[in-house]
Structure formats: C-alpha cells, structure tokens
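# A look at the structure
So you can see what is in the structure, the chains are spelled out below.
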Amino acid sequence: MLEAVKVGMLGLGTVGSGTVNILSRNADEIARRAGRGIKISIASVRDIKKQRACDTSGFTLTVDHNKVIADPNVKIVLELIGGTGIARELVLKAIDNGKHIITANKALIALHGNEIFQRAQEKGVTVAFESAVAGGIPIIKAIREGLAGNSIQWLAGIINGTCNFILTEMRDKGRDFDDVLKEAQQLGYAEADPTFDIEGIDAAHKLTILASIAFGVPLQFEKIYTEGITEITSADVAYASELGYRIKSLGIAKRTANGLELRVHPTLIPHRRLIANVDGVMNAVLVKADALGPSLYYGAGAGAEPTGSAVVADLVDVVRALTSDPENRVPHLAFQPDALSNIPILSMDDVSTVYYLRIHVQDRSGVLADVTNIFANHNISIEAIIQKEPQTNIASVPIIILTHEVVEQNMNKAIAEIEKLEAVTNKIMRIRLETLT
Ligand code: NDP
Ligand code: HSE
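Per-chain numbering applies: the sequence of each chain, read as written, is numbered from 1 onward. Written order determines the labels here, with chains lettered from A and ligands numbered from 1. pLDDT decides what is reported in this predicted model: residues at 70 or higher carry local features, side-chain atom pairs at 80 or more are listed and counted, and totals for whole chains, interfaces and linings draw on all residues regardless. Remark: hydrogens and water are excluded; side-chain values derive from all non-hydrogen atoms of the structure.

### Examining the overall build of the protein
In plain terms, the rule: Secondary structure follows DSSP: runs of H or I at least 4 residues long count as helices, runs of E at least 2 residues long count as strands, and numbering of each begins at the N terminus. Our radius of gyration is a C-alpha quantity, and the globule rule it is checked against amounts to 2.2 Å times the number of residues to the power 0.38. Contact between two residues is taken to exist if any of their heavy atoms lie within 4.5 Å; hydrogens are not considered. Note that accessible areas follow from Shrake-Rupley with a 1.4 Å probe, and for residues the cover is restricted to the protein chains shown. His is not counted, nor are the chain ends; Lys and Arg add positive charge and Asp and Glu add negative charge. For this purpose, a charge sits on NZ of Lys, CZ of Arg, CG of Asp or CD of Glu.
The secondary structure content of the protein amounts to 14 helices and 17 strands. Relative to its length of 437 residues, the protein is compact, with a C-alpha radius of gyration of 24 Å against a globular reference of 22 Å. Along the first, second and third principal axes, the C-alpha atoms of the protein reach 80 × 45 × 35 Å. Residue pairs in contact within the protein that sit at least 24 positions apart in sequence constitute 74% of those at least 6 positions apart. Looking at the protein as shown, the accessible area adds up to about 18,800 Å², and 47% of this sits on carbon and sulfur atoms. When the 44 basic and 51 acidic side-chain charges of the protein are each reduced to a single mean position, those positions are 5 Å apart.

Quick look at the structure:
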C-alpha cells in the first residue's frame, strides 16, 4: 500500500475531536476504502492547555495555524475552526500553498464559497464540505452525484439540529426555550454564537449551499429570507397539533416559473408526513426531483461523530482522487463553473403559501366579522378557524386561522390592517404552512 497521506487540522473542538476519534477507531477500514492510510500529523488550537476529547499523542499540537498550512508534508487541511474571519484567511492561504481543503464551515462556504472555489480551481485543489450541511447526512453527495440526472423541483429540509431539538423538547416535554438551548450548547450542537441557530442564519447558510447544488446557481446567501424560532410559543405548538400539524423550522428552495424561492422559517407540516416526525437533533432533507420523485435523507444533523463521519468521508474522497486526473473531479457546486445560471431569486413578497395565524382579540361580537372582511378585501380565503373559550383573568381570546394559499404581500397588508383594529390586543403570530406533496 502507498504511504499514508498526511493531514493537518485547524481546530480541534467538537467536530475536530470526533474526526480524530473516527480516524483512529476505523483506521484499517478507512485505509482499505481510500487505498492508503490517512494520518493526522499536526493540529492547531487556540488554547493548548485545554483538555481534548480525543487522543492527541500521535500528532503535533500547536497554537500556530500557519505551521499547519505551511507544512510541506501536509497534503490535506481540515478547517474546523468556524466563522468567516481567520477561517477564510487560512483556507485561502492553504489553497495558495497547494493544500486540498475539507471544511465543516457552512458560513464560510455560503459567504465566501464563490471566491474559495475559484481560487481552488486555479490552484487545482479540491475543497470538500459534505459536513457543512445536515451534519452526517451525505446530502451534498446525494444531490450533486446521486441525483445528477434529475431536474430538481424543490427541496425542504430540517437543517438545524439545535432548532429541531428545541422545538421537539418544547412540544414533548413542555420545556422552556432557554433551558433547552443551554442543553444544546452543552451537547456541542449549537454554533459558537447560538443566535445563528435560533434566528435561522445557520440554516440559511446551509440552504445557500443546497440551492446552488440543486439548481446550479452561484452562492447567494444575502438573498435568502430568514426567520428564526424565537417567537414560537408552546401555545402555537399545541394549536398546530390540534389542527393536525407539527411546527418545524424548514429551509425551502423551490423552482417556480418566475424564479427561485429561497427561505428559512418556522413551518406547519401535516403531522403524517415523514419529515414532520423528524425529532430532536435529527435532520432530514426532502428532495422533489422530476425523475426520482420525492426522496428523503435522514440522520444526525450535529454532534462530534455524526459530523466527523462526513469529514472523514470527504477525506476518503480526496485521498482517492489524489491519484486521479484533476479534470475528472466533481465540480464544487455540482454544475460546471461556467455553466451556472442566473435564475432570479424571488422576493419574499412574491412567495405564495398557506398561513397559520394566531390573533388575540377582545371577546365581543362583530370582531370575527371585521377580521374576515379584511381577509376578503385582500382575496384571502379561510380554510379553518378555531376560536378558543375565553379564560378567566385573561382579557383576550385567541382565534386560530388557517388560510388557503395567498401571496405574501397580500397577507402582509391584511395583517397590518387587522393589527390596527381596536379589538385586536396583540401582535399577530403568523407561521407559513407547507403540505410538501
Ligand atoms: P468548537 O468551538 O468546538 O471548536 C473550534 C476549534 O477551533 C477549537 O479547537 C478552537 O480552539 C479553535 N478556534 C476557535 N476559534 C479560534 C480562533 N479565533 N483562533 C484559533 N483557534 C480557534 O467548534 P465545532 O467543532 O463545533 O465547529 C467547528 C466547525 O464545524 C464550525 O464551522 C461549525 O459551524 C461546524 N459544524 C459544527 C457541527 C457541530 O455539531 N458542532 C456540525 C456541523 C458543522 P480551542 O479548542 O483551543 O478553543
Ligand atoms: N449548529 C448546527 C446545528 C450544527 O445545530 O445544526 C450543525 O451544522
């Protein structure tokens, strides 16, 4: 067998340690798959005294990232630091030094992927990022290679494990939002700044990547509509359930006649759909393709070894390709770089969807008629209404409404008018609904 390929690591936290543990535990099988051994020879960290969740005795540990990317023996650099500052700088330098890159950093790819891929192409090196989307699920490979014969119509994914964990714990155990978020942080699921998770930014990074691969468009993070889960209450979860739905934070990318819808927001999904039953830190991506039809990809979306599994899969791919002709490698964004399309990304105003609304009103006659008149004026028709019994000591009653499909700008106007009604006591809660058929 050929000599083992030397790998340098930038970062040795949750994902880095998971990766080292997998490489060590499964070394023989990995070498048989790759055609040669894979050896970590150096890793850089911020705090050298910190206790690590893996055995570091077999390689050099340093605080100098430049030592990793400049090491002439290192062929592949794993970027497992995160963020778009130092990580971007180091990745570009490592590419200039002729290193192949593997990264789990979706923010880096979503924001700077176009630049990084171009530089990598010029230098004839690979940048692999399977672990950046949906943790351990091989979704990049599935779309980029497994579905290469299809025209993809839409995809919808639970692509943030932290949000799914929080929503599941709130629904099943009635737990408090902040308390579950703390647990997700302790378990290593959350981003260094967890607002990226709960405000939908992390999912938007991942959706940026999925949309490029599915539709052959450049990475356009700034055009994604993003809404987090922080305003969802346990009451919404319970009302949705009463109506036969589950609330999930979904990333949706849909091809329409006018352009692409790219959006991340909490979504009601009929409870009988498989994806509605994806709970906890698990992720799932449902892809609707013209030839295959729907297919669902399910697995752990975060955590040390699930993510390390995808990092190691990329390592094996790169090591296998090291002996092959660079011209034959798979393009980073699935489509050839000169064949990317400029389909417009739709503004959220032009997106059509069904809505769940929770409206709190004073309990007096005529209020419901005022609300439904406003809907009628904006051509919004109603699918279902639940009016709850008034509770003692509470001045308002909630009305829960499911609409038929409506264009977002009409709904925005109707909500603004309804919120101005004297009898409406609170800001209206609105959650979009997708039947995913
Ligand atoms: P951690 O915070 O656990 O680890 C980050 C590592 O990078 C640590 O070793 C840390 O050093 C080092 N580091 C961080 N900031 C700096 C800095 N400014 N200068 C030098 N070194 C630094 O992160 P994760 O392992 O959780 O995440 C790594 C990447 O993987 C991120 O891009 C994340 O989005 C992505 N990811 C994470 C998943 C998860 O489940 N955690 C899943 C999928 C992707 P030290 O240890 O000394 O502090
Ligand atoms: N913070 C991310 C999540 C990690 O919770 O999904 C995996 O990308």
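### A few points about the pattern of salt bridges
To be explicit about the condition: When a carboxyl oxygen of Asp or Glu is within 4 Å of a side-chain nitrogen of Lys or Arg, the pair counts as a salt bridge. Only protein chains enter the accessibility calculation, which uses a 1.4 Å probe; a residue whose area is less than 20% of its type maximum is buried, one above 50% is exposed, and one in between is partly exposed.
Counted under the stated rule, the structure contains 26 salt bridges. Notably, a salt bridge pairs Glu-191 with Lys-106, separated by 3.0 Å at the nearest N-O pair. Of the two residues, Glu-191 is situated in the loop between helix H8 (177-186) and helix H9 (195-198) and Lys-106 in helix H5 (residues 106-123); the sequence distance between them amounts to 85 residues. Its relative accessible area of 25% is what places Glu-191 among the partly exposed residues.

### Things to note about the site of ligand 2
Formally: A single heavy atom is enough: if one lies within 4 Å of a molecule or strand, its residue is considered near that molecule or strand. Counting of polar contacts relies on pairs of N or O atoms within 3.5 Å, with two restrictions inside protein: one atom must be capable of donating a hydrogen and the other of accepting it, and residues adjacent in sequence are counted only when both atoms are side-chain atoms. The classification used treats Ala, Val, Leu, Ile, Met, Phe, Trp, Tyr, Cys and Pro as nonpolar, Asp, Glu, Lys and Arg as charged, and all other residues, Gly among them, as polar.
If you check the shell around ligand 2, you find Lys-106, Asn-160, Gly-161, Thr-162, Tyr-189, Ala-190, Glu-191, Asp-197, Asp-202, Lys-206, Gly-301 and Ala-302 and nothing else. For ligand 2, an oxygen atom lies 2.8 Å from a polar atom in the side chain of Lys-206. Relative to its unbound accessible area of 260 Å², ligand 2 is 93% covered by the protein chains. If you list the elements that add at least two residues to the shell around ligand 2, you get helix H7 (161-173) and helix H10 (201-215). Of the residues assigned to the shell around ligand 2, the class counts are three nonpolar, four polar and five charged.

### So, the domain arrangement of the protein
To keep it simple, the criterion reads: Each domain's extent is set by a domain assignment, obtained either automatically or from a database.
Entries for the protein in the domain assignment read domain 1 (2-136 + 304-338), domain 2 (139-300) and domain 3 (350-433). Centre-to-centre, using C-alpha coordinates, domain 1 lies 50 Å away from domain 3.

### Concerning H7
In plain terms, the rule: To estimate the expected span of a helix, subtract one from its residue number and multiply by 1.5 Å.
The end-to-end C-alpha distance of H7 is 17 Å, a good match for the 18 Å that 13 residues give at a rise of 1.5 Å each. Counting buried positions over the 13 residues of H7 gives 10, a clear majority of the element. When we look at burial in H7, the residues that qualify are Gly-161, Thr-162, Cys-163, Asn-164, Phe-165, Ile-166, Leu-167, Thr-168, Glu-169 and Met-170. Of the surrounding secondary structure, the elements contacted by the buried residues of H7 are strand S7 (152-158), H8, H9, helix H11 (234-242), strand S9 (245-255) and strand S11 (282-289). With a side-chain oxygen positioned 3.2 Å from the backbone nitrogen of Thr-162, the residue opening H7 is Asn-160.

### Things to note about the sheet that holds strand S1 (residues 2-10)
Each strand in a sheet pairs with its neighbour through backbone hydrogen bonds, running either in the same direction (parallel) or in the opposite one (antiparallel). Our working rule: What makes two strands pair is DSSP finding at least two bridges between them.
The six strands lie next to each other as S3-S2-S1-S4-S5-S6, forming an open sheet whose pairing is parallel. Each having just a single partner strand, strand S3 (60-62) and strand S6 (127-128) make up the two edges of the open sheet. Sheet analysis places strand S5 (residues 100-103) next to S6, joined by two bridges and oriented parallel. Paired with Ile-102 across the bridge in S6 is Ala-128.

### Re the site of ligand 1
Around ligand 1 lies a shell of 24 residues, among which Asp-47, Lys-50, Arg-52, Glu-191 and Gly-303 are the nearest. The separation between a nitrogen atom of ligand 1 and a polar side-chain atom of His-65 is 3.5 Å. At 2.9 Å, a backbone N or O of Gly-188 approaches a nitrogen atom of ligand 1. Here ligand 1, which alone exposes 890 Å², has 84% of that area covered by the protein. The residue inventory of the shell around ligand 1, partitioned by class, reads eight nonpolar, 10 polar and six charged.

### Regarding the side chain of Asp-314
Positionally, Asp-314 belongs in helix H12 (residues 304-321). This buried residue, Asp-314, is left without a salt bridge; Arg-144 holds the nearest opposite charge, at 5.8 Å. Those residues within four positions of Asp-314 in sequence are excluded, and the remaining contacts are Ile-102, Ala-128, Phe-129, Glu-130 and Ser-131.

### Here we look at the packing of helix H2 (residues 27-34) against H12
As a reminder, the rule being used: Axis angles are defined between N-to-C directions and span 0 to 180 degrees, where every axis is a line fitted to C-alpha atoms and, for a helix, only to the segment in contact. Roughly parallel here means an angle under 35 degrees, roughly antiparallel means over 145, roughly perpendicular means 65 to 115, and every remaining angle is called oblique.
At their nearest, the axes of H2 and H12 sit 9 Å apart, and the two run at 40° to each other. Classed by the angle they form, the pair H2 and H12 counts as oblique. Contacts from Ile-30, Arg-33 and Ala-34 in H2 reach Val-312, Val-316, Val-319 and Arg-320 in H12. Here the contact of H2 with H12 is composed, by residue class, of five nonpolar, no polar and two charged.

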